[in-house]
Amino acid sequence: MDLLRTTVQSYDWGSRTLLPEFLGAPPTESPQAELWMGAHPAAPSRVSRGGVLRPLDRVVSEDPERELGAGTVRRFGARLPFLLKVLAAGAPLSVQVHPDLAQAQAGFARENALGVPLDAPHRNYRDDQHKPEMIVALTPFQGLCGFRGPAGTADLLDSLGVSALRPYAERLRVGPERQALAEVFRAFLRPPEGLLDAVVHALGVAAEGSAEARVVAYDRVARAHPGDPGLLSALMLRYVELGPGEALFLGAGVPHAYLSGLGVEIMASSDNVLRCGLTSKHVDAEELTRVVRFDAPPTRVLTPRQEAGEEVYPAPVDDFRLSRYVLRAGEPRRRATLDAPQILLCTAGALTLSSAGAESLAVRPGQAVYVSAGAEVAVEGAGTAFRATTGTAEPLG
């Protein structure tokens with residue numbers, strides 16, 4: 001059981017207040033976007049071993065069965081298969097999608113064969129893994145997730161009163177739905193001259209004094225990314241609001257963009273992102289349209305289910321499993337021993353984690369503990385802890 005020394009990533013879309021307030025610190029001059037907990041090589045957490053701070057990815061690679069358990073190694077290899085984050089969105093993120101496993105493997109091999117450097121700005125696939133993800137809101141949280149029904153998007157386009165949008169609205173109404181969505185999405189990636197400016201102006205007018213949250217959100221996107229055609233793709237996505245404790249699962253091919261709020265995010269440990277817009281980074285329209293799923297079912301807002309003393313957020317993948325302990329003072333401690341690696345993150349209150357043969361660790365919001373497979377651990381106190389592990393983990397004892 002090790003207290004993680006974590007890394008804060010500063011991206012332009014981050015918040016100067018959300019993460020600092022969560023960590024009990026004053027606001028920062030530059031935006032803070034993500035607190036990373038895990039063994040991703042881009043920013044691995046560090047643990048103390050033998051009195052020396054060492055990157056977790058190296059610790060895992062040197063003795064994978066001890067750290068991960070034999071079952072995890074058989075299923076995922078000698079790597080921690082999940083990455084846990086606290087995400088703080090102060091401005092809209094890029095509209096993006098992630099590939100499925102077959103697409104990632106094929107794309108990674110193809111770009112390797114072409115000799116594209118791993119750090120090249122135009123590289124699409126930086127590893128051969130998929131990247132399903134889940135976000136759980138800690139504060140009120142807003143996002144764009146998955147395609148709205150074609151008829152609903154047609155109504156939205158018509159409501160803006162932009163004559164140049166009428167052909168797109170008509171195409172969405174004619175169907176078939178999947179084909180219509182694909183055609184309009186592709187057209188919006190390369191809009192005709194003047195369309196974007198007209199839509200931005202119309203959104204600004206519509207948002208003045210509007211009580212409709214999605215219109216205000218789209219106008220905010222337009223102001224945050226002036227001149228970016230990704231706004232048009234964003235108009236095709238469903239606006240979603242989450243209350244604290246509510247979640248979204250985002251599978252392969254589902255376009256999405258987080259807009260504002262603080263949340264706990266878990267994902268398969270991958271860096272494969274294809275962007276649709278609202279970004280200065282590379283947009284590969286051809287590859288993007290191969291990966292986007294135009295037939296994906298609507299993304300549902302999830303709430304946790306009670307399971308053996310914890311609240312579990314269901315996800316249809318085995319790369320990760322996310323659950324939550326909500327403890328009150330005086331309640332019995334919760335045993336959290338598994339045959340797989342786990343990370344326990346405190347998000348509220350004050351908690352104590354204890355393990356056989358090790359000193360107890362007192363943790364506060366923003367602090368996380370890494371627990372090797374099979375290590376005995378218990379949680380007690382008054383507060384909330386999120387537990388990240390693999391979807392194949394089994395309780396011990």
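Residues numbered from 1 in each chain as written. Predicted model: local features only at pLDDT ≥ 70, side-chain atom pairs only at ≥ 80, totals over all residues. Heavy atoms only, no water.

## Here's the deal with the overall build of the chain
Which entries qualify depends on this criterion: Think of it this way: any DSSP run of H or I at least four residues long counts as a helix, any run of E at least two long counts as a strand, and we number them from the N terminus. As defined in this context, the radius of gyration uses C-alpha atoms, and a globule is described by 2.2 Å times the residue total to the power 0.38. Buried residues are those whose accessible area, probed at 1.4 Å on protein chains only, stays under 20% of the maximum for their type, while exposed residues exceed 50% and partly exposed ones sit between those limits. Residue contacts follow a heavy-atom distance rule, with two residues in contact if any of their heavy atoms lie within 4.5 Å. Values of accessible area rely on a 1.4 Å probe in the Shrake-Rupley scheme; residue burial ignores everything except the protein chains shown. This count recognises Lys and Arg as positive and Asp and Glu as negative, with His and chain-terminal groups excluded. All charge positions are set by atom: Lys at NZ, Arg at CZ, Asp at CG, Glu at CD.
What the chain contains, in helices and strands, is 12 helices and 22 strands. A compact globule built from 397 residues would reach a C-alpha radius of gyration of about 21 Å, and the chain, at 22 Å, matches this within 12%. Across its three principal directions, the C-alpha atoms of the chain cover 70 × 50 × 40 Å. Every one of the 397 residues in the chain was classed for burial, and the buried ones make up 54%. Considering only contacts within the chain whose residues lie at least 6 apart along the sequence, 75% involve residues at least 24 apart. Entry remark: accessible area of the chain is about 16,800 Å², with carbon and sulfur atoms responsible for 50%. Averaged over its 40 positive side-chain charges, the chain has a centre that lies 2 Å from the centre of its 46 negative ones.

## Concerning the packing of helix α6 (residues 150-159) against helix α7 (residues 166-174)
Quick reminder of the rule: Lines fitted to the C-alpha atoms define the axes, with helices restricted to the stretch that makes contact. Angles between their N-to-C directions range from 0 to 180 degrees. Angles below 35 degrees are treated as roughly parallel, those above 145 as roughly antiparallel, those between 65 and 115 as roughly perpendicular, and all remaining angles as oblique. In this scheme, a crossing is called left-handed if the near helix is turned counterclockwise away from the far one by less than a right angle; it is called right-handed if the turn is clockwise.
With their axes 8 Å apart at the nearest point, α6 and α7 run at an angle of 160 degrees to one another. Comparing the axis directions of α6 and α7 gives the class roughly antiparallel. Regarding α6 and α7, the two cross each other, and that crossing is left-handed. Mapping the contact onto sequence places P150, T153, A154, D155, L157 and D158 in α6 and Y168, A169, L172 and R173 in α7.

## Quick notes on the layout of surface pockets
Gaps between atoms show up when a probe of the same size as a water molecule is rolled over them. Test applied: Think of a 1 Å grid over the protein atoms and nothing else: a 1.4 Å probe that fits but is trapped marks a cavity, an open set flanked by protein within 12 Å on at least five of seven lines marks a pocket, and residues with an atom within 4 Å of a point count as lining. Grid points are joined across faces, edges and corners, and a volume is the space filled by probe spheres set on the points. Three classes are used, and their members are as follows: Ala, Val, Leu, Ile, Met, Phe, Trp, Tyr, Cys and Pro are nonpolar, Asp, Glu, Lys and Arg are charged, and the others, Gly among them, are polar.
In this model, the largest pocket occupies a volume close to 960 Å³. What lines the largest pocket is a set of 41 residues, among which Y11, W13, S94, R275 and K281 lie closest to the centre. Within the residue set of the lining of the largest pocket, elements represented by two or more residues are β3 (34-37), β6 (82-89), β12 (256-268) and β13 (274-277). Ranked by residue count, the leading element in the lining of the largest pocket is β12, at five residues. Classifying every residue of the lining of the largest pocket by side-chain character gives 17 nonpolar, 12 polar and 12 charged.

## Focus: α7
Inclusion rule: In this description, one arc is meant: the one made by directions from the helix axis to the C-beta atoms.
What α7 keeps buried is the set Y168, A169 and L172. On an axial view of α7, the arc spanned by its buried residues comes to 100 degrees, and they lie on one face. Opposite the buried face of α7, by more than 90 degrees, sit the exposed residues P167, E170 and V174. Backbone geometry just after α7 places G175 at a positive phi near 75 degrees.

## Remarks on the nonpolar core
Quick reminder of the rule: Throughout, nonpolar core names a set of buried Ala, Val, Leu, Ile, Met, Phe, Trp, Tyr and Cys residues whose side chains join them through atoms within 4.5 Å.
Residues L165, F185, F188, V199 and L235 are the most contacted members of the largest nonpolar core, which totals 47 residues. With seven residues, the single largest contributor to this core is helix α8 (residues 177-189). Contact partners of F185, with chain neighbours within four places excluded, come to F147, S233, M236, C276, L288, T289, V292 and F294. One finds V47, L80, A88 and A368 within the second-largest nonpolar core, a separate group that totals 35 residues.

## What about the packing of aromatic side chains?
What counts, and what does not: Between the rings of Phe, Tyr and Trp (Trp by its six-membered ring), a pair exists once the centres lie within 6.5 Å; its type follows the angle of the planes, with under 30 degrees stacked, over 60 edge-to-face, and the other angles tilted.
Taken as a whole, this structure holds seven aromatic pairs when the rule is applied. An angle of 90 degrees between the planes, with centres 5.7 Å apart, marks the rings of F147 and F185 as edge-to-face. Highlighted residues: F147 in strand β9 (residues 141-147) and F185 in helix α8, separated in sequence by 38 residues. For F147, a relative accessible area of 12% corresponds to the buried category. Connected via pairs of aromatic rings, a cluster forms that spans F147, F185 and F294.

## Thoughts on the packing of α7 against α8
One way to put it is that α7 packs onto α8 with a least axis distance of 8 Å and a crossing angle of 160 degrees. Comparing their axes, α8 and α7 come out roughly antiparallel. The interaxial crossing formed by α7 with α8 has left-handed handedness. Contacts between α7 and α8 involve Y168, R171 and L172 from the first element and Q179, A180, L181, E183, V184, A187 and F188 from the second. By residue class, the composition of the contact of α7 with α8 is seven nonpolar, one polar and two charged.

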